[in-house]
Amino acid sequence: MAVIKASSSDIDVLARLMRAEAEGEGEQGMLMAGNVMVNRARVSCSDFGNVNTIPQVAFQSPGGFEAVQKGYFYQRARERDKRLARRLINGERFYPADNALWFFKPAGDCPATWYGQVNSGRYKSHCFYIPTQAECAEVFSTF
């Protein structure tokens, strides 16, 4: 069962965004980056109150994803990447990104906090950050 509404065009955008942001980290890394993207579309807290579709998540400004400014994002979505995107749309979540709303790739270690958000863990070169329960309880809910 889908956790957010997504057309085939939305799945293409999610697949392309996941690849552009995290392809170097393999399928698992792409799934974790995708968790953040889907989480942003399904919550209405923090910076994401008016962001509830995958295209809105991808192109949010400020606060969207840097990859949409690069040509690699605009290449055609691959079947493998669309399959991964569908898994996320259908509710799969992967720790440490399962409840994350942010991630970034630092030059060194993951800071314990980033813009006031708590580090939930690292996968390869990306650090993932979660809001507090008080700030965004809905991201912690199950589907």
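Residues numbered from 1 in each chain as written. Predicted model: local features only at pLDDT ≥ 70, side-chain atom pairs only at ≥ 80, totals over all residues. Heavy atoms only, no water.

Undergrad: Please clarify how empty space enclosed by the protein should be interpreted in this entry.
TA: One water molecule sets the probe size; rolling that probe over the atoms shows where empty space is left. For the coordinates displayed, the defined rule picks out one cavity of 30 Å³ or more. Roughly 30 Å³ of internal volume is contained in the largest cavity. Every residue along the wall of the largest cavity is listed here: Val-3, Asn-35, Val-38, Asn-39, Leu-88, Gly-91, Glu-92, Arg-93 and Phe-143. The dominant element in the lining of the largest cavity, judged by the number of residues it contributes, is helix H2 (residues 26–42), at three residues. (1 Å grid on protein atoms, 1.4 Å probe; cavity = no way out; pocket = protein on both sides within 12 Å on 5 of 7 lines; lining within 4 Å. Points joined across faces, edges and corners; volume = space filled by probe spheres on them. Helix = DSSP H or I, 4+ residues; strand = E, 2+ residues; numbered from the N terminus.)

Undergrad: Would you explain the packing of aromatic side chains in this entry?
TA: Across all of its chains, the model carries nine aromatic pairs by this definition. Taken together, a centroid distance of 5.7 Å and an interplanar angle of 40 degrees make the contact between Phe-103 and Phe-128 tilted. Within this pair, whereas Phe-103 is found in strand S1 (residues 102–104), its partner Phe-128 is found in strand S4 (residues 126–130), the two being separated by 25 residues in sequence. Judged by relative accessible area, which is 11%, Phe-103 ranks as buried. Here Phe-104 and Trp-114 contribute two aromatic rings whose centre-to-centre distance is 4.3 Å and whose plane-to-plane angle is 10 degrees, an arrangement assigned as stacked. (Phe/Tyr/Trp six-rings, centres within 6.5 Å; stacked < 30°, edge-to-face > 60°. Buried < 20%, exposed > 50% of the residue type's maximum accessible area, 1.4 Å probe, protein only.)

Undergrad: So what exactly am I meant to see when it comes to the side chain of Gln-60 here?
TA: Looking at the secondary structure, you find Gln-60 in the loop between helix H3 (54–59) and helix H4 (79–89). The buried category is assigned to Gln-60, whose relative accessible area is 15%. Only 2.9 Å separates the side chain of Gln-60 from the backbone oxygen of Asp-47, close enough to count as a polar contact. Once residues lying within four places of it in the same chain are set aside, the contact partners of Gln-60 are Arg-40, Asp-47, Phe-48 and Val-51. (Polar contact = N/O pair within 3.5 Å; in protein donor to acceptor, adjacent residues only side chain to side chain. Contact = heavy atoms within 4.5 Å.)

Undergrad: Teacher, can you tell me more about the packing of helix H1 (residues 8–22) against H4 here?
TA: Axis angle and axis distance: for two packed helices, these are the angle between their axes and the distance between the axes, and together they describe the pair. Viewed as axis vectors pointing N to C, H1 and H4 meet at an angle of 110 degrees, and their least axial separation amounts to 8 Å. By the criterion of interaxial angle, the relationship of H1 to H4 is roughly perpendicular. Taking contact as the criterion, the partners of Ile-11, Asp-12, Leu-14, Ala-15, Met-18 and Arg-19 in H1 are, on H4, Asp-81, Lys-82, Leu-84, Ala-85, Arg-86, Leu-88 and Ile-89. Within the contact of H1 with H4, the residues separate by chemical class into eight nonpolar, no polar and five charged. (Axes fitted to C-alpha atoms, helices over the stretch in contact; angles between N-to-C directions. Parallel < 35°, antiparallel > 145°, perpendicular 65-115°, else oblique. Nonpolar A, V, L, I, M, F, W, Y, C, P; charged D, E, K, R; others polar.)

Undergrad: Help me understand the packing of H1 against H2, please; the structure alone is not making it clear to me.
TA: In contact at an axis separation of 9 Å, H1 and H2 are set at 120 degrees when each is read in the N-to-C sense. It follows that H1 is oblique to H2 by the angle criterion. You can see that H1 and H2 cross each other, and the crossing is right-handed. Contacts from Leu-14, Leu-17, Met-18, Arg-19, Glu-21 and Ala-22 in H1 reach Gly-26, Gly-29, Met-30, Leu-31, Ala-33, Gly-34, Met-37 and Val-38 in H2. Looking at the contact of H1 with H2, its residues break down into nine nonpolar, three polar and two charged. (Left-handed = near helix turned anticlockwise from the far one by under 90°.)

Undergrad: Explain the sheet that holds strand S2 (residues 113–114) to me, please; I cannot follow it from the model alone.
TA: Within a sheet, each strand pairs with its neighbour through backbone hydrogen bonds, oriented either parallel or antiparallel. Taken in spatial order, the four strands of this open sheet run S1-S4-S3-S2, and their pairing is antiparallel. Of all strands in the sheet, those with a lone pairing partner are S1 and S2, marking the two edges. Summarising the sheet, strand S3 (residues 117–123) and S4 pair through five bridges and their orientation is antiparallel. By the bridge assignment, Val-118 is partnered in S4 with Ile-130. Strand contacts of H2: S1, S3 and S4, with the helix running at about 140 degrees to S1, the strand carrying the most contacts. (Pairing = 2+ DSSP bridges.)

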